[in-house]
2 protein chains.
Amino acid sequence: MKIVFIGSGNVATHLAIAFKAMGADIAQVWSKDSRNAELLAALSKAEPISKWEHLDLHADCYIICVKDDAIQDVAVQLSEVNGIVVHTAGAVSLEVLHGCGSGHGVLYPLQTFSKSKSVDLKSVPFCIEGDRQETLETISAIAHLLSANVTEVSSEQRKILHLAAVFACNFSNHLYHISNELLKQHHLTFDLLKPLILETAFKVQSALPLEVQTGPAVRNDSNTMEEHLALLADTPEMQLIYQMLSNSIIRSTQ
Amino acid sequence: MKIVFIGSGNVATHLAIAFKAMGADIAQVWSKDSRNAELLAALSKAEPISKWEHLDLHADCYIICVKDDAIQDVAVQLSEVNGIVVHTAGAVSLEVLHGCGSGHGVLYPLQTFSKSKSVDLKSVPFCIEGDRQETLETISAIAHLLSANVTEVSSEQRKILHLAAVFACNFSNHLYHISNELLKQHHLTFDLLKPLILETAFKVQSALPLEVQTGPAVRNDSNTMEEHLALLADTPEMQLIYQMLSNSIIRSTQ
């Protein structure tokens, strides 16, 4: 399996290292910034390139891991390649790759990647899509190199998954940030909340979130909610978020 | 160590079972509903009571685990007891127990408890407070039976911790619920999001939430955010939550 990575950010880094560990040949890493290409190429023993004329046209698979709004521009450069071309974005449809390679598709890992932290990809859901059955089967085989959790998902469903992931991951993380800000203001350490954050995430591995909702809003404990709003008087944005999410909890459990 | 539990809900259940496992004598479980008292008393080999005249006045510690707004009423009944009286609430000040027992304080486990799921209390932060040094030391010894993570926290700080926990736990769980609703509407399984939810919680065990924020808002990717808002057109409440949290992320990372 000969793979070329287009992009050198978080997703490219995690996938390239994982594919390399599974014995794949990472032939090239393209990045418009040659330094970034060199960094990831060194990690995955690939050739770094930053000019399209240096692109190897005979890899089995070209994996696009650039920003969503750059995928289209990159796709134009991949019309002549002989392998399959996939992108890895949640919110971008399959069609953007029309005309690329010998087939095109999507390989979307439903996970949050930071460069500083390794992720065990084995249980990460890979949502795949292909322009036709043959392409889909090839992408499925490629995805199975990394994960046991491979699911075919349409472009429309993938957009919903991506949106749901924003709520479950990006927004939750922001709430962790708000709680840390509150603690900092009162000289308390974020460490105190860490076991609670973990347990909250563990709970919904085996129960539906609605079934394990706790806190003042689900008890409709208006005294506590009023006290909390008063404590947030100096931070109107947090106050508004508190009010809106509490109201949403109350409505969802009625 | 002879303990009486006042209340028989989630917190009482988890604490009583854990104290029993550590060799404490759970002498009585009081609940105004005699059936609830009997259930927890059976689990912890205690005497169930539902009348105050049956209360054992000579326990070492009385642990109040009733709803916040019932603590005051219960405290009135504990003025004659000889042991220490503590409550377990995040949002209720120490003073509400004034005049109770031989000393009074707070034993607040910063965790979310559901009856159906056991929790390893060893790493749960217990936030303690006492009316005087001697009481505090006794409460600390009691807390250390269950956890290695015991911290003295004032009533004011405890209220902030409780508020921060609402953001980090209750509100995050509600966002999990919203994401599940979105998936259900489009015939997708919540299982696909579970690894992401766990990883999001794991990440902040070793990094600050602000440092590991991902998603369209932190990238200021307005195309994706507009598409997401369009997908939420039929659910205005979700749309409003999306807008507000995205704006808050953008502001916090500028």
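This section reports on the structure supplied with the text. Bear in mind that the values here come from a model prediction, so they are computed numbers and not experimental data.

The next point concerns the overall build of chain A. What chain A contains, in helices and strands, is eight helices and eight strands. Taken along the three principal axes of its C-alpha coordinates, chain A extends 65 × 40 × 30 Å. In chain A, buried positions account for 53% of the 254 residues. The long-range share in chain A, meaning contacts at least 24 apart out of those at least 6 apart in sequence, stands at 49%.

All names here are of chain A. Most of strand β6 (residues 103-109) is tucked away, with six of its seven residues classed as buried. In this sheet, β6 lies alongside strand β5 (residues 84-87) in parallel orientation, the contact comprising four bridges. Directly across from isoleucine 84, in β6, lies its bridge partner glycine 103. With five bridges joining them, β6 and strand β7 (residues 126-130) adopt antiparallel strand pairing. Counted as the bridge partner of tyrosine 108 is cysteine 127 from β7.

Residues and elements named next belong to chain A. Where helix α1 (residues 10-21) contacts helix α2 (residues 34-44), the axes come no closer than 9 Å and their chain directions differ by 20°. As far as their axial angle goes, α2 and α1 are roughly parallel. Crossing angle aside, the handedness with which α1 passes α2 is right-handed. Mapping the contact onto sequence places Ala12, Thr13, Ala16, Ile17 and Lys20 in α1 and Leu40, Leu43 and Ser44 in α2. Classifying every residue of the contact of α1 with α2 by side-chain character gives five nonpolar, two polar and one charged.

The next thing to look at is the interface of chain B and chain A. Contact with chain B, which involves 75 residues of that partner, is made by 75 residues of chain A. Those elements giving two or more residues to the side of chain B that touches chain A turn out to be α5 (155-185), α6 (194-206), α7 (222-231) and α8 (236-252) of chain B.

Next up on the list: the relation of the copies chain B and chain A. Between chain B and chain A, which share one sequence, the superposing operator has a rotation angle of 180° and an axial displacement of 0.0 Å; the RMSD is 0.0 Å. Classification of the inter-copy transformation places it as that of a two-fold axis. Using C-alpha coordinates, one finds that chain B approaches the rotation axis most closely at serine 172 of chain B, a distance of 2.5 Å. When the interface residues of chain B are mapped onto chain A, 100% of them are again interface residues, pointing to one common binding face.

All names here are of chain A. The sheet built from eight strands is open, its strands ordered β3-β2-β1-β4-β5-β6-β7-β8 with mixed pairing. Looking at strand neighbours, the two that pair on one side only are β3 (47-49) and β8 (150-152), the edges of this open sheet. Ignoring which end each strand starts from, the neighbouring axes of this sheet average 25° apart. On top of the sheet, helix α5 (residues 155-185) reaches β6 and β7; it is set at about 155° to β7, its chief contact.

About the cut-offs
- Residues numbered from 1 in each chain as written.
- Chains lettered and ligands numbered in written order.
- Predicted model: local features only at pLDDT ≥ 70, side-chain atom pairs only at ≥ 80, totals over all residues.
- Helix = DSSP H or I, 4+ residues; strand = E, 2+ residues; numbered from the N terminus.
- Buried ≥ 20, exposed ≤ 12 C-beta atoms within 10 Å, placed from the backbone.
- Contact = placed C-beta atoms within 7 Å.
- Pairing = 2+ DSSP bridges.
- Axes fitted to C-alpha atoms, helices over the stretch in contact; angles between N-to-C directions.
- Parallel < 35°, antiparallel > 145°, perpendicular 65-115°, else oblique.
- Left-handed = near helix turned anticlockwise from the far one by under 90°.
- Nonpolar A, V, L, I, M, F, W, Y, C, P; charged D, E, K, R; others polar.
- Least-squares fit on C-alpha atoms with pLDDT ≥ 70 in both.

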